Amino acid sequence: MLAPPAHAVAAFRARFGATPRLFQAPGRINIIGEHTDYCGGLAMPAAIDRWCRIAAAANGTRRLTVVAEGFDEPAALDLDALTPRGAWSDYVAGVAKVLMDAGVAVPGADLMIESTVPIGAGVSSSAAIEVAAAHALLALAGRGADGLSIARWGQKAENDFVGMPCGIMDQYASANGVEDAALVLDCASLTSTIAPLPANASFLLVDSGVRHAHVDGAYRERRADCDTAAKILGFDLLAEVTEGDLASALPRLPPGPAKRCRHVVTETARVRRAADALARGDLAALGKLMNQSHASLRDDMEVSVPEVDQLAQIARDTPGVFGARMMGGGFGGCIIALADRDQAVDARAAIVERYGAPNAFICRAVAGAGEVIL
């Protein structure tokens, strides 16, 4: 449980002897629409009540001193010589570099990070750090920015500095989340519409215990297959292919890119159907779409692992659960399960008991990132 905001301020004062400003950014779930964002498709994320908070104050130097809860050593980052270190501090350093490249006069500062966004579980701990850091550094520089700009800067930091070729969905959801609603995000136009969540809907996140690291080659290979498919078919973005195009498109592609193409096209279509299901309050229909999404991620995108498949099936077999699928880039992490709100607590307990999950929680949709005014 994240401590109250005043705790972060008190801890900062005790360590640095100054009074900070406080900023926070949420993690996110993605209800449906996985591996579509970098292909220009649709996704349905929501910001959740797990937060990264950064207490920050200018220190009059050209250095960022960054302390993170759970890490013993602080990071000392020279603003005039920022280079990747292959460490957690790269998420902050990358944001600082991107902001300075964009003309923001980022000052030297002390930053203290605390977070309840699980690391490596598929709920975008990296995006939460990036978005919170962007808010903090912009504020200390006397600048403001809209949520889309912050999302773009966060994505650029992760792509170009950290070295992870992610799409923009994670940062967008963290920066632009809406209370009690999901976003239907068009990743080509970077516009979104609000999809209110029915009052009887509850989302469970259950950690498989299998850690993933997307900077490795598997994620890059999937993205490269998508790029190859789009190029062969003559499209700028793979999601421009329609379901009606698939019958003629797939025979033109090598086996790997063909599978990735089928996933991206059908997954984007599932997001549209999911938005319709939410508008009708039809949780059974949404659950079936989530199950189909998992099958496609497992068989066509090939990003699931046996433990996650087992966990998703356990969730589907649990009373009160409408559907479940892997969530995030894959190769481990969490599943997301859609449950009836009145049965969510019992469902969580049953899933944890059967699988032996190390972590499971019920989450709700919250507003996006910003400054915490005490």
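Everything below is about the structure shown above.
Described in the following lines is the structure provided in the data block.

The rules behind these values
- Residues numbered from 1 in each chain as written.
- Predicted model: local features only at pLDDT ≥ 70, side-chain atom pairs only at ≥ 80, totals over all residues.
- Heavy atoms only, no water.
- Helix = DSSP H or I, 4+ residues; strand = E, 2+ residues; numbered from the N terminus.
- Rg over C-alpha atoms; globule rule 2.2 N^0.38 Å.
- Buried < 20%, exposed > 50% of the residue type's maximum accessible area, 1.4 Å probe, protein only.
- Contact = heavy atoms within 4.5 Å.
- Areas by Shrake-Rupley, 256 points an atom, 1.4 Å probe, with all protein chains shown as cover.
- Lys, Arg positive; Asp, Glu negative; His and termini not counted.
- Charge placed at Lys NZ, Arg CZ, Asp CG, Glu CD.
- Phe/Tyr/Trp six-rings, centres within 6.5 Å; stacked < 30°, edge-to-face > 60°.
- Pairing = 2+ DSSP bridges.
- Axes fitted to C-alpha atoms, helices over the stretch in contact; angles between N-to-C directions.
- Core = buried A, V, L, I, M, F, W, Y, C linked by side-chain atoms within 4.5 Å.
- Expected span 1.5 Å × (residues − 1).
- Polar contact = N/O pair within 3.5 Å; in protein donor to acceptor, adjacent residues only side chain to side chain.
- Salt bridge = Lys/Arg side-chain N within 4 Å of Asp/Glu carboxyl O.
- Arc of directions from axis to C-beta.

On a plain count of helices and strands, the protein comes out with 11 helices and 13 strands. For the protein, whose C-alpha radius of gyration is 20 Å, the value lies close to the compact-globule estimate of 21 Å for 374 residues. Counting only C-alpha atoms and orienting by the principal axes, one finds that the protein spans roughly 60 × 50 × 35 Å. The buried share of the protein, taken over its 374 residues, is 58%. Long-range pairs, those at least 24 residues apart, make up 73% of the contacts in the protein with a sequence separation of at least 6. Carbon and sulfur atoms form 51% of the exposed surface of the protein, whose accessible area is close to 14500 Å². In the protein, the 34 positive side-chain charges and the 43 negative ones have mean positions that sit 1 Å from each other.

Moving on, we come to the packing of aromatic side chains. Each aromatic ring pair is characterised by the separation of its centres together with the angle its planes make. Evaluated as defined, the whole model comprises 2 aromatic pairs. Relative to Phe16, the ring of Phe12 has its centre 4.7 Å away and its plane inclined at 45°; by these criteria the two rings are tilted. Of the two residues, Phe12 and Phe16 are both situated in helix 1 (residues 5-16); the distance of 4 residues between them amounts to about one turn of the helix. Take Phe16: its relative accessible area is 21%, and that puts it in the partly exposed class.

As a further point, take the sheet that holds strand 7 (residues 181-186). A sheet is described by the order of its strands in space; here 3 strands give the open sequence 2-7-8, paired in antiparallel fashion. Of all strands in the sheet, those bounded by a partner on one side alone are strand 2 (42-43) and strand 8 (191-196). As paired strands, strand 7 and strand 8 are joined by 6 bridges and run antiparallel to one another. The residue of strand 8 that forms the bridge with Leu183 is Ile194. The sheet strands contacting helix 5 (residues 169-176) are strand 2, strand 7 and strand 8, and the helix crosses strand 7 at an angle near 135°.

Let us now look at the side chain of Ser202. Within the secondary structure, Ser202 is located in strand 9 (residues 201-207). What makes Ser202 buried here is its relative accessible area of 4%. Those residues within four positions of Ser202 in sequence are excluded, and the remaining contacts are Ala337, Leu338, Ala339, Asp340, Arg341, Ala344 and Ile362.

Ranked by internal contacts, the top residues of the largest apolar core, which has 43 residues, are Leu238, Cys261, Ile335 and Ile351. At the level of secondary structure, the elements contributing two or more residues to this core comprise strand 9, helix 6 (217-233), helix 7 (246-249), helix 8 (255-280), helix 10 (306-316), strand 10 (321-326), strand 11 (334-340) and helix 11 (344-355). Residues Val117, Ala132, Leu137 and Ala175 belong to the second largest nonpolar core, which totals 41 residues.

Read across the sheet, 6 strands follow the order 5-4-6-3-1-13 without closing on themselves; strand pairing throughout is mixed. Strand pairing shows two members of the sheet lacking a second neighbour, strand 5 (75-78) and strand 13 (370-372), which therefore form its edges. Geometrically, the sheet is characterised by an average inter-axis angle of 30° between neighbouring strands, direction not taken into account. Relative to strand 13, strand 1 (residues 21-30) runs antiparallel, the two sharing 3 bridges. From the neighbouring strand, Phe23 faces strand 13, where its bridge partner is Glu371. Across the sheet, helix 1 lies against strand 1, strand 3 (45-58), strand 4 (63-68), strand 6 (109-115) and strand 13, angled at about 140° from strand 6, the strand it touches most. Sitting on the sheet, helix 5 is in contact with strand 1 and strand 3, with an inclination near 125° to strand 1.

It is worth spelling out the side chain of Thr268 at this point. Along the chain, Thr268 falls in helix 8. Thr268 sits in the buried class, given a relative accessible area of 5%. Sequence-distant contacts of Thr268, that is, excluding residues within four places in its chain, are made with Thr36, Gly41, Leu42 and Ala239.

Attention now moves to helix 4 (residues 147-162). Taking 1.5 Å of rise per residue, 16 residues should cover 22 Å, and helix 4 covers 21 Å from first to last C-alpha, within 8% of that figure. By the burial criterion, the buried members of helix 4 are Gly147, Ile150, Ala151, Trp153, Gly154, Gln155, Ala157, Glu158, Phe161 and Val162. Residues of helix 4 that are buried make contact with helix 2 (90-101), helix 3 (125-140) and helix 5. Capping of helix 4 at its N-terminal end is provided by Asp146; its side-chain oxygen lies 3.2 Å from the backbone amide nitrogen of Leu148. Positioned one or two residues after helix 4, Gly163 has a phi angle of 100°, which is positive.

The subject of this paragraph is the pattern of salt bridges. As enumerated under the stated definition, the model contains 18 salt bridges in all. Between Asp101 and Lys97 there is a salt bridge, with the nearest N and O atoms lying 3.0 Å from each other. Pair noted here: Asp101 and Lys97 are both in helix 2, with a separation of 4 residues, about one helical turn. Here Asp101 falls in the exposed class, since its relative accessible area comes to 55%. Each member of the salt-bridge network shares a partner with another, and the members are Asp49, Arg50, Glu179 and Arg364.

One turn of the α-helix equals 3.6 residues, which is why residues spaced by three or four share an orientation. The end-to-end C-alpha distance of helix 1, which contains 12 residues, comes to 17 Å, matching closely the 16 Å that a straight helix rising 1.5 Å per residue would cover. All buried positions along helix 1 are accounted for by Ala8, Val9 and Phe12. Within helix 1, the buried residues cover an arc of 95° as seen down the axis, which keeps them to one side. Buried residues along helix 1 sit against strand 1, strand 3 and strand 6.

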